[in-house]
2 protein chains.
Amino acid sequence: MLKLSKLSDYAAVVLAQIARQPQRPQAAPELAEEVHLPRPTVSKTLKMLHKAGLVESRRGVQGGYLLARSAEQIRVSDIIAAIEGPVAMTACSHSDNDCELAALCGVADNWQRVSLAMRQMLDSITLAHLAQREPLQIMPARALAPSATTFSRESLLVSDADS
Amino acid sequence: MLKLSKLSDYAAVVLAQIARQPQRPQAAPELAEEVHLPRPTVSKTLKMLHKAGLVESRRGVQGGYLLARSAEQIRVSDIIAAIEGPVAMTACSHSDNDCELAALCGVADNWQRVSLAMRQMLDSITLAHLAQREPLQIMPARALAPSATTFSRESLLVSDADS
DNA sequence: TAATTGCGGACTATTTTAGTCCTGATTAAC
DNA sequence: GTTAATCAGGACTAAAATAGTCCGCAATTA
């Protein structure tokens, strides 16, 4: 399925909810109610998001959670990384891991590139996009000259619906 | 991690190996040896690939596995789907699944689009690309006019290294 | 100081994944 | 027709990841 864990999904939903009231801290139980998810679970994801630096927390009365930076600056890949660790498709697709089969399998390099392309796509989409009530349009991407060797941050551009 | 299962990774490696000798059937134990993976496991993945129609099998002496179609016609998304089921990032990102929270979470539509973009990327890369000994270059994609509403199959173009 | 709220971590249960093994069916060669 | 090679299907086990809950402590504010 190549799927996100449920927790990552929850994280996105909860963050989107916070993003819709950016001015005041929102407490975990309050958020849980709004997104219809169990409190301890929401609490857990918020703690993970805090550890990853995506949200700020305020304790005490009137406390709660705030975005640590604007929704435009929180990338989908940040959210996923906060919950599941860095985005990488295979064990050998992140360089620090030494797969002793890498030399043999003859596919490792190419998997790495696929993985990179995916990460870049996820980098190009932000919480602000997710939180929009209007559906996104993710642009069809287009091939460049065959000699291009690097990715641009803009490789997959996401724009608002034009209506 | 948003990672592939090991089995999917194995499947890619094994398929790449088959692709390099397209003319004759290769038996499971032989393939296992070549890719340095345990026989029963390779056997299992091959059975899954067969069920998904990606390889043909021949029983008996001199039997083994062959690609069911050319490596250019086998997409990475096919391989993943054969092992893990259809590519979809979240439970609600495939339409037939009814997530009762969809109306509430305010994110579902956008997740679906992210998921779609990912699938399209995976559609655009084939076994032939993976099997190449030379590393791929996956093209930087480029935004089109803001009013574009559909994806093109070519959205992420993969080309051979130009060296 | 009391109420509210986050923090950290332990813990359990469930599901998924990985990996193995066995028995039977099919095919080709002799 | 017999034999050996090979795939087919599925049962099974073990291990790991995931999901979810709970508790006691720390911080903050009124």
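As shown above, the structure is provided for reference.
To keep things clear, this report deals only with the structure shown in the data block. (Residues numbered from 1 in each chain as written. Chains lettered and ligands numbered in written order. Predicted model: local features only at pLDDT ≥ 70, side-chain atom pairs only at ≥ 80, totals over all residues. Heavy atoms only, no water.)

Time to look at the packing of helix H1 (residues 6-19) of chain A against helix H2 (residues 28-35) of chain A. Residues and elements named next belong to chain A. Two elements in contact, H1 and H2, have axes separated by 10 Å at closest approach and are oriented at 105 degrees. Here H2 runs roughly perpendicular to H1, going by the angle between their axes. Touching Val13, Val14, Gln17 and Ile18 of H1 are Leu31, Glu34 and Val35, all from H2. Residue classes in the contact of H1 with H2 are distributed as five nonpolar, one polar and one charged. (Axes fitted to C-alpha atoms, helices over the stretch in contact; angles between N-to-C directions. Helix = DSSP H or I, 4+ residues; strand = E, 2+ residues; numbered from the N terminus. Parallel < 35°, antiparallel > 145°, perpendicular 65-115°, else oblique. Contact = heavy atoms within 4.5 Å. Nonpolar A, V, L, I, M, F, W, Y, C, P; charged D, E, K, R; others polar.)

In the neighbourhood of DNA strand D, 26 residues make up the surrounding shell, with A:Lys6, A:Lys44, B:Ser57, B:Arg59 and B:Tyr65 lying closest. Each atom of DNA strand D within 4 Å of the protein belongs either to a base or to sugar and phosphate, the latter forming 66%. The side chain of A:Ser5 places a nitrogen or oxygen atom 3.3 Å from a phosphate oxygen of DNA strand D. Within the residue set of the surface near DNA strand D, elements represented by two or more residues are H1 and helix H3 (39-51) of chain A together with helix H2 (28-35), helix H3 (39-51), strand S1 (55-58) and strand S2 (64-67) of chain B. Partitioning the surface near DNA strand D into residue classes produces ten nonpolar, ten polar and six charged. (Near = heavy atom within 4 Å. Polar contact = N/O pair within 3.5 Å; in protein donor to acceptor, adjacent residues only side chain to side chain.)

Moving on, we come to the pairing of strand S1 (residues 55-58) of chain A. All names here are of chain A. Pairing of S1 with strand S2 (residues 64-67), which is carried by four bridges, proceeds in the antiparallel orientation. Note on S2: the bridge partner recorded for serine 57 is tyrosine 65. Turn length for the S1-S2 hairpin, with the two strands adjacent in sequence and antiparallel, is five residues, and the turn residue glycine 60 shows positive phi of about 80 degrees. (Pairing = 2+ DSSP bridges.)

Taken together, 25 residues sit near DNA strand C, with A:Ser57, A:Arg59, A:Tyr65, B:Lys6 and B:Lys44 positioned nearest. In DNA strand C, atoms within 4 Å of the protein come 68% from sugar and phosphate. Within the side chain of A:Ser57, a nitrogen or oxygen atom sits 2.7 Å from a phosphate oxygen of DNA strand C. One of the side-chain nitrogen or oxygen atoms of A:Arg59 is found 3.0 Å away from a sugar or linking oxygen of DNA strand C.

Next up on the list: the pattern of salt bridges. Residue and element names in this part refer to chain A. This model, assessed by the stated rule, comprises eight salt bridges over all chains. Its salt-bridge partner being glutamate 30, residue arginine 24 comes within 2.6 Å of it at the nearest N-O pair. Arginine 75 is paired through a salt bridge with aspartate 123; the nearest N and O atoms lie 3.7 Å apart. You can see arginine 75 sitting in the loop between S2 and helix H4 (76-84) and its partner aspartate 123 sitting in helix H6 (residues 108-123), a full 48 residues away along the chain. (Salt bridge = Lys/Arg side-chain N within 4 Å of Asp/Glu carboxyl O.)

Residues and elements named next belong to chain A. Tracing the chain through its elements places leucine 7 in helix H1. The partly exposed category is assigned to leucine 7, whose relative accessible area is 23%. Ignoring anything within four residues of it in the chain, the contact list for leucine 7 reads Thr41, Lys44, Thr45, Met48 and Ile83. (Buried < 20%, exposed > 50% of the residue type's maximum accessible area, 1.4 Å probe, protein only.)

Any two packed helices are characterised by the angle at which their axes cross and by the distance between the axes. Residue and element names in this part refer to chain A. The contact between H2 and H3 brings their axes to 9 Å, and the two run at 115 degrees. For the pair H2 and H3, the sense of crossing is right-handed. In this structure, H2 uses Ala28, Pro29, Leu31, Ala32, Glu33 and Val35 to contact H3, whose residues at the interface are Arg39, Val42, Ser43 and Leu46. Looking at the contact of H2 with H3, its residues break down into seven nonpolar, one polar and two charged. (Left-handed = near helix turned anticlockwise from the far one by under 90°.)

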